[in-house]
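Observations on chain architecture
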Number of protein chains: 2
Amino acid sequence: MKEVVVKCPATVANLVCGFDILGMALKEPYDIMKLKLINEPKVIITNKDDYNLPTEAEKNVAGVVLLSIMEKLGDNIGFEVEIEKHIKPGSGLGSSAASAAGAAVAANYLLENRFTKDELVQFAMNGEKLASGVKHADNITPCITGGVTLIRSIHPLDIVPLNSPSLFVTVVHPQIEVKTSDARQILRKEVLLKDAIKQWGNIAGLVAGFEKGDTDLIGRSLEDVIIEPVRSILIPGFDEIKTRSKEAGALGGGISGSGPSIFMLSTDEATAKSVELIMQEVFQRLGIDYKTYVTSIAQEGVSEISTK
Amino acid sequence: MKEVVVKCPATVANLVCGFDILGMALKEPYDIMKLKLINEPKVIITNKDDYNLPTEAEKNVAGVVLLSIMEKLGDNIGFEVEIEKHIKPGSGLGSSAASAAGAAVAANYLLENRFTKDELVQFAMNGEKLASGVKHADNITPCITGGVTLIRSIHPLDIVPLNSPSLFVTVVHPQIEVKTSDARQILRKEVLLKDAIKQWGNIAGLVAGFEKGDTDLIGRSLEDVIIEPVRSILIPGFDEIKTRSKEAGALGGGISGSGPSIFMLSTDEATAKSVELIMQEVFQRLGIDYKTYVTSIAQEGVSEISTK
């Protein structure tokens, strides 16, 4: 039967002041997923990775997404899936979203695009639920559509693609563990109204900045007064990297997803590379292993590499 | 010496989910202000109105704005001001902002436009401080610039004009008193994080809707889960008007400023007029005097009518 190979990009969710509502797709890193239609109602996972990801369908992010698609179809079909994982699980770069969104989009290719984009997001959210306990869509949506996306609401699902200027993104993934569930737990359930007002001023400025392609406005709006002050405590070197990156000319940035990765936006590649040097210098000094990327916003989401 | 007559539009601040950060200018109602340069360092107020507004410069909104301009100039000049007031004080339609912004802009005309837009906003905020105790700019800014404006931040002042589609606005001013200071006091100092997230999803959607000219998105985003549920209690008939207006085809709306006026946005004039009938019917039934306007977003702010 038919088979497809797709590229599944990393994503930055919780885009600074856009906690839970804004995400963007990155050109790098990305996973490669091969998906094959089979005529048995089951999901076979044949991953080779270094992360000991479960290969039982019910416990695997791509697996549960595919199972939810099969349940919807009710046909006598199944899938064989193999993922070449380059986005490290737990990095805060949307590793589970890449598997979830990749599985949904790849399956849709094989099923002659019978599902809408919103339905694909709904299927893929089952994978996020498995990975983090919460059905959030701010990694999945940009992973599927590319660019910068706003999730105005989850219930009902309301996805708004935003204009995304061609910005460079520098990412550092320090090899420390920050669990999404822990990162959620340390947040306060209540916030000061005056902080919330600052935050929605910034999110409004950020959205206007993206739509207008006004990079200065994007830079001025990249401030998070609610989540970052709490979560950044879990990431050594965060404040220094942010301060020095902005001094070096970056527009700003913050924690990617729930961390520990940090990202910074720049208008030019030279600045993005200076930011990389700062990140490397800080984590070398702290004696923490790390991986860096100098990349840009991907205008395309999960995309077909080959098919047969 | 020179004299100028300007038109000072009413404004809607706290634009639904954009509490403290979003405002828009209306074509109607508006005040007419005549300002004359005099060669004595004082402000003479010769208003004729039905509202017993103070005519002592230090206690008058336009007066304190003009005094702050004179202080900045340090010259031996002053102003004679006469306001024909059509925006009722306490209506929630930016009556004090119209006086404050009008005085700043008119003075700037007479002073050969020596001040920037940001400086005019700063001067005019002195008037808002006198009127409500708080230096807010979400009425003043659209009053000066027209259209829909975002105040991303007050300190430092960061004004972002947004694209404003040509929408119709239906306004009702029920003749009840809601003091801005009372309306502030009943707000909770803390809000639930989950509500704040909903709110910034909506504000992001609203800004994207304005920028894209997507009226459906504007409509979906016109929800305020934080301020309106508390403040609407002070306005009889609010819930019924909102529900029935949306049933009649309005995009949505909410409390204008801190109330008691209510506004609703529509894409066409016929709907805006049906909304007016609903507003009239509700307040007639409640036995509350009211005034309604069917108008539209003013693309122009304070503007010169004549000069000599």
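Looking at an unreviewed UniProt entry, one finds chain A named Homoserine kinase and attributed to Lacibacter luteus. Quoted verbatim from the Catalytic activity (unreviewed entry) field of the UniProt record, the comment on chain A reads "L-homoserine + ATP = O-phospho-L-homoserine + ADP + H(+)".

Let's shift gears to the interface of chain A and chain B. In this complex, chain A contributes 37 residues to the contact, which on the side of chain B involves 37 residues. Each partner contributes to the roughly 2,900 Å² buried at the junction of chain A and chain B, and carbon and sulfur atoms together form 65% of this total. At the boundary of chain A with chain B, the tally comes to six salt bridges. For the pair chain A and chain B, the number of links is 17 residue pairs in polar contact (both at pLDDT 80 or more). Elements represented by at least two residues in the side of chain A that touches chain B include exactly β5 (148-153), β6 (158-162), β8 (190-192), α6 (193-212) and α7 (215-221) of chain A. Take the side of chain A that touches chain B: its biggest share by element is 14 residues, from α6(A). For the side of chain A that touches chain B, the residue count by class is 21 nonpolar, seven polar and nine charged.

The subject of this paragraph is the UniProt feature "domain: GHMP kinase C-terminal" (unreviewed entry) in chain A. This chain's UniProt record puts "domain: GHMP kinase C-terminal" (unreviewed entry) on residues 207-283 of chain A. Taken end to end, residues 207-283 of chain A is 55% helix and 12% strand, and its first and last C-alpha atoms sit 32 Å apart.

Counting 174 residues, the largest nonpolar core has A:Trp200 and B:Trp200 as its most contacted members. If sequence neighbours within four positions are ignored, A:Trp200 has contacts with A:Leu193, B:Cys17, B:Gly18, B:Phe19, B:Ile21, B:Gln199, B:Trp200, B:Ile203 and B:Ile226.

This brings us to the packing of helix α2 (residues 95-110) of chain A against helix α3 (residues 117-132) of chain A. Residue and element names in this part refer to chain A. Taken N-terminus to C-terminus, the directions of α2 and α3 make an angle of 150°; their axes are 8 Å apart at the nearest point. The angle between the axes of α2 and α3 places the two elements in the roughly antiparallel class. For α2 against α3, the interelement crossing comes out right-handed. On the side of α2, the interface is formed by Ser96, Ala97, Ala100, Ala101, Ala104, Val105 and Asn108, while α3 contributes Leu120, Phe123, Ala124, Gly127, Glu128 and Ala131. Here the residues of the contact of α2 with α3 sort into nine nonpolar, three polar and one charged.

To continue, consider the relation of the copies chain A and chain B. In the superposition of chain A on chain B (RMSD 0.0 Å, axial shift 0.0 Å), the rotation amounts to 180°. Both copies are brought into coincidence by an operation consistent with a two-fold rotation axis. An overlap of 100% is found between the interface residues of chain A and their copies at the interface of chain B, pointing to a shared contact surface.

Quick look at the sheet that holds strand β9 (residues 252-255) of chain A now. Strand pairs in the sheet, formed through backbone hydrogen bonds, run parallel or antiparallel to each other. Residues and elements named next belong to chain A. Here we have four strands laid out as an open sheet, ordered β9-β10-β7-β11, and antiparallel in their pairing. Edge positions in the sheet fall to β9 and β11 (290-296), since each of these pairs with one other strand and no more. Going across the sheet, the axis of each strand differs from the next one's by a mean of 15°, ignoring polarity. By the bridge criterion, seven bridges tie strand β7 (residues 168-174) to β11 in an arrangement that is antiparallel. By the bridge assignment for β11, Phe168 is matched with Ser296. Of the strands in this sheet, β7, β10 (262-266) and β11 are in contact with helix α10 (residues 269-286), which crosses β7 at around 10°.

All right, on to the UniProt feature "binding site: ATP" (unreviewed entry) in chain A then. Residues and elements named next belong to chain A. UniProt's entry tags Lys88, Pro89, Gly90, Ser91, Gly92, Leu93, Gly94, Ser95, Ser96, Ala97 and Ala98 with the feature "binding site: ATP" (unreviewed entry), counted in the numbering of this structure. Mapping Ser96 onto the fold places it in helix α2. Accessibility expressed as a relative area gives 23% for Ser96, which makes it partly exposed. Discounting residues that sit within four places of it in the chain, Ser96 has contacts with Val61, Glu128 and Ala131. Residue placement: Ala97 occurs in helix α2. Filtering out sequence-adjacent residues up to four positions away, Ala97 remains in contact with Thr11, Gly102, Glu128, Asn139, Ile140 and Cys143.

What follows deals with the sheet that holds strand β7 (residues 168-174) of chain B. Residue and element names in this part refer to chain B. Strand order in the open sheet formed by four strands is β9-β10-β7-β11, with antiparallel pairing between adjacent strands. This sheet does not close on itself; its edge strands, each paired only once, are β9 (252-255) and β11 (290-296). Between one strand axis and the next, the sheet turns by 15° as a mean value, whatever way the strands run.

As a further point, take the pattern of salt bridges. Pairing between side chains becomes possible if they bear opposite charge and their charged atoms approach one another. What the rule picks out here adds up to 34 salt bridges over all chains. A:Arg285 is paired through a salt bridge with A:Glu281; the nearest N and O atoms lie 3.3 Å apart. Here A:Glu281 and A:Arg285 lie together in helix α10, a separation of four residues that amounts to about one turn. For A:Glu281, a relative accessible area of 31% gives the class partly exposed. Across the pair B:Arg244 and B:Glu240 runs a salt bridge whose closest N-O atoms are separated by 2.8 Å. Linking B:Arg244 with B:Glu240, this pair stays in helix α9 (residues 238-247), spanning four residues, or about one helical turn. Within this structure, A:Glu223, A:Glu228, A:Lys242 and A:Lys246 form a network of salt bridges that share partners.

Let's shift gears to the side chain of B:Ser95. If you trace the backbone, B:Ser95 turns up in helix α2 (residues 95-110). What B:Ser95 contacts, discounting residues up to four positions off in sequence, is B:Asp31, B:Lys85, B:Ile87, B:Lys88 and B:Pro89.

This brings us to the environment of B:Glu84. All names here are of chain B. Here Glu84 is to be found in strand β4 (residues 78-84). Taking the C-alpha atoms as reference points, Glu84 and Ile144, separated by 60 residues in sequence, lie 18 Å from one another. Sequence-distant contacts of Glu84, that is, excluding residues within four places in its chain, are made with Asp31 and Ile32. In this structure the side chain of Glu84 is engaged in a polar contact, spanning 3.0 Å, whose partner is the side chain of His86.

Pairing between β9(A) and β10(A): four bridges, direction antiparallel. Considered in β10(A), the bridge of A:Gly254 is made with A:Phe263.

Residue and element names in this part refer to chain A. Along its sequence, chain A is carved into domain 1 (3-162 + 298-307) and domain 2 (168-296). Domain 1 and domain 2 are separated by 24 Å when their C-alpha centres are compared. Interface area for domain 1 against domain 2, summed over the two sides, is near 2,400 Å², with a carbon-plus-sulfur share of 66%. Considering only the side of domain 1, the residues that lose the most area to domain 2 are Val16, Cys17 and Phe19, jointly responsible for 27% of the buried surface there. Applying the counting criterion to the domain 1 and domain 2 interface returns zero salt bridges. Taken together, the links from domain 1 to domain 2 amount to ten residue pairs in polar contact (both at pLDDT 80 or more). Broken down by secondary-structure element, the contributors of at least two residues to the side of domain 1 that touches domain 2 are β1 (3-12), β2 (22-38) and β6. The biggest single contributor to the side of domain 1 that touches domain 2 is β2, with seven residues.

Reading the values: rules and limits
- Sequence order sets the numbering: in each chain, residues are counted from 1 along the sequence as written.
- Chains carry letters and ligands carry numbers; both start at the beginning, A for chains and 1 for ligands, and go up in the order they are written.
- Owing to the predicted nature of the model, reporting of local features is limited to residues with pLDDT of at least 70; listing and counting of side-chain atom pairs is limited to 80 or more, with chain, interface and lining totals taken over all residues.
- The side-chain numbers reported here are obtained from all heavy atoms of the structure, hydrogens and water having been left aside.
- UniProt positions are given in the numbering used here, feature names are shortened, and annotations may be inferred rather than shown by experiment.
- Throughout, a contact is declared for two residues whenever any of their heavy atoms are within 4.5 Å.
- Buried area counts how much accessible surface, traced with a 1.4 Å probe, disappears from two parts once they are put together, with both parts' losses summed.
- Any carboxyl oxygen of Asp or Glu that lies within 4 Å of a side-chain nitrogen of Lys or Arg is treated as forming a salt bridge with it.
- For this analysis, a polar contact is any N or O atom pair within 3.5 Å, provided that within protein one partner can donate a hydrogen and the other can accept it, and provided that sequence-adjacent residues contribute only side-chain to side-chain pairs.
- Helix and strand labels come from DSSP, where a helix needs a run of H or I of at least four residues and a strand needs a run of E of at least two; each type is numbered from the N terminus.
- Gly is placed with the polar residues, together with every amino acid not listed as nonpolar (Ala, Val, Leu, Ile, Met, Phe, Trp, Tyr, Cys and Pro) or charged (Asp, Glu, Lys and Arg).
- By nonpolar core is meant a set of buried Ala, Val, Leu, Ile, Met, Phe, Trp, Tyr and Cys residues that side-chain atoms within 4.5 Å join together.
- For every residue, the accessible area obtained with a 1.4 Å probe (protein chains only) is divided by the maximum for its type, and the residue is called buried under 20%, exposed over 50%, and partly exposed between those limits.
- Each axis is a line fitted through C-alpha atoms, and for a helix only the stretch in contact is used; angles between axes span 0 to 180 degrees, taken between their N-to-C directions.
- Geometric relationships in this document are graded by angle, where less than 35 degrees denotes roughly parallel, more than 145 denotes roughly antiparallel, 65 to 115 denotes roughly perpendicular, and other angles denote oblique.
- Rotating anticlockwise by less than a right angle from the far helix to the near helix defines a left-handed crossing, while the corresponding clockwise rotation defines a right-handed one.
- Least squares is the method used to superpose the copies, on C-alpha atoms of residues holding a pLDDT of at least 70 in both.
- A pair of strands is considered paired only if DSSP assigns at least 2 bridges between the two.
- Start and end positions for the domains come from either an automated domain assignment or a database one.

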